[in-house]
Amino acid sequence: MKENKKTIKIYTVPIIIIGLLTALDQLTKFMITSSFELYESRPVIKNVLSFTYIQNRGVAWGMFQGKRVIFLILTAIILLLCFYIYSNIANNPKYGILRANMIILMSGALGNMIDRIKLGYVVDFFEAKFIDFPIFNVADIYVVVSMIMIFILIIFKYSNEEFDEIIGSKKDKEQD
């Protein structure tokens, strides 16, 4: 019974966190779309940061516009891969920070996926005025920060054997 409660906690808590993070992303997008006209921009910090409402039908800088179905398929694959990796490391405390980043990554992927399904585009609104950077949203922040952290963890923290365990190839080799 105790093992069953632990398993439920290992999956229930992340689902709740993903729900909350995704809700935050969706709430910020709703706030922008309900109070801004398309392409309207309002400075938050002059010459540094503005809220600028755009509808992104592609990816960064609007590249690959009109490829909605491909983005939805890729997002579904990413979500499944994240869930697979999370499941491989769910019971191992040494992968706690990696699990947390997988949860954040899934939240971001899901937030933008909801937009693509519901609206046909992604609502973006953070505009960094001091650099040539695409306009982005909360889900994008989740994705970028978590991917950077995952990359750093895999390159600098985990050994090859731990990486095999993370991706599940160690289990596969042990079963052969």
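The structure displayed is predicted, hence computed values, not measured ones.

J.: How should the overall build of the chain be read in this particular structure?
T.: Counting secondary structure elements, the chain contains six helices and three strands. Sequence-ordered secondary structure for the chain, helices as α and strands as β, is α-β-β-α-α-β-α-α-α. Per-residue burial for the chain yields a buried fraction of 39% across its 176 residues. Surface accessibility of the chain: about 10800 Å² in total, with carbon and sulfur atoms responsible for 69%. For the chain, the separation between the mean place of its 19 positive charges and that of its 16 negative charges on side chains is 5 Å.

J.: Looking at this model, I keep getting lost on the nonpolar core. Mind explaining?
T.: Soluble globular proteins: nonpolar side chains tend toward being buried together. In this structure, Ile89, Tyr95, Leu98, Met102, Met106, Tyr158 and Ile166 are the most contacted members of the largest nonpolar core, which totals 21 residues. For this core, the secondary structure elements donating two or more residues are helix 1 (2-35), helix 2 (68-89), helix 3 (96-118) and helix 4 (138-157). The leading source of residues in this core is helix 3, at seven residues. Setting aside residues no more than four positions away along its own chain, leucine 98 makes contact with Ile89, Ile150, Leu153, Tyr158 and Ile166. Counting residues in each nonpolar core, the second largest holds ten residues, with Ile32, Tyr53, Tyr121 and Tyr142 among its members.

J.: Whenever I open this one, the sheet that holds strand 2 (residues 49-56) confuses me. Can you help?
T.: Remark on secondary structure: sheet strands pair via backbone hydrogen bonds, oriented parallel or antiparallel. Ordered in space as 1-2-3, the three strands form an open sheet in which the pairing is antiparallel. Where the open sheet ends on each side, the last strands, each with one partner, are strand 1 (41-45) and strand 3 (122-128). If you compare each strand with its neighbour and ignore which way they point, the axes differ by 30° on average. Two elements, strand 2 and strand 3, share six bridges in a ladder whose sense is antiparallel. Residue pairing for strand 3: isoleucine 54 is matched across the bridge by aspartate 124.

J.: Sorry if this is basic, but what is going on with the side chain of threonine 52 here?
T.: Position of threonine 52 relative to the elements: it lies in strand 2. At 2.5 Å, the side chain of threonine 52 forms a polar contact with the side chain of glutamate 127. Once you skip the residues sitting within four places of it in the chain, threonine 52 turns out to touch Tyr39, Glu40, Ser41, Asp124, Phe125, Glu127 and Ile135.

J.: Help me understand the side chain of serine 50 in this model?
T.: Position of serine 50 relative to the elements: it lies in strand 2. Those residues within four positions of serine 50 in sequence are excluded, and the remaining contacts are Ser41, Arg42, Pro43, Val44, Phe125, Phe126, Glu127 and Lys129.

J.: How do you make sense of the pattern of salt bridges when you look at a structure like this?
T.: Two side chains carrying opposite charge are able to pair once their charged atoms lie near each other. Applying the stated criterion across every chain yields a total of six salt bridges. A salt bridge links glutamate 40 to arginine 42, with the shortest nitrogen-to-oxygen separation between them at 2.9 Å. Judged by relative accessible area, glutamate 40 falls into the partly exposed class, the value being 24%. In this structure arginine 42 comes out as partly exposed when scored by relative accessible area, which is 34%. When the shortest N-O distance is used, the salt bridge between lysine 94 and glutamate 165 registers 3.9 Å. In this pair, lysine 94 sits in the loop between helix 2 and helix 3 while glutamate 165 sits in helix 5 (residues 160-167), placing the two residues 71 residues apart along the sequence. A network of salt bridges, in which partner residues are shared, links Asp25, Lys29 and Asp115.

Cut-offs and rules
Residues numbered from 1 in each chain as written. Predicted model: local features only at pLDDT ≥ 70, side-chain atom pairs only at ≥ 80, totals over all residues. Heavy atoms only, no water. Helix = DSSP H or I, 4+ residues; strand = E, 2+ residues; numbered from the N terminus. Buried < 20%, exposed > 50% of the residue type's maximum accessible area, 1.4 Å probe, protein only. Areas by Shrake-Rupley, 256 points an atom, 1.4 Å probe, with all protein chains shown as cover. Lys, Arg positive; Asp, Glu negative; His and termini not counted. Charge placed at Lys NZ, Arg CZ, Asp CG, Glu CD. Core = buried A, V, L, I, M, F, W, Y, C linked by side-chain atoms within 4.5 Å. Contact = heavy atoms within 4.5 Å. Pairing = 2+ DSSP bridges. Axes fitted to C-alpha atoms, helices over the stretch in contact; angles between N-to-C directions. Polar contact = N/O pair within 3.5 Å; in protein donor to acceptor, adjacent residues only side chain to side chain. Salt bridge = Lys/Arg side-chain N within 4 Å of Asp/Glu carboxyl O.

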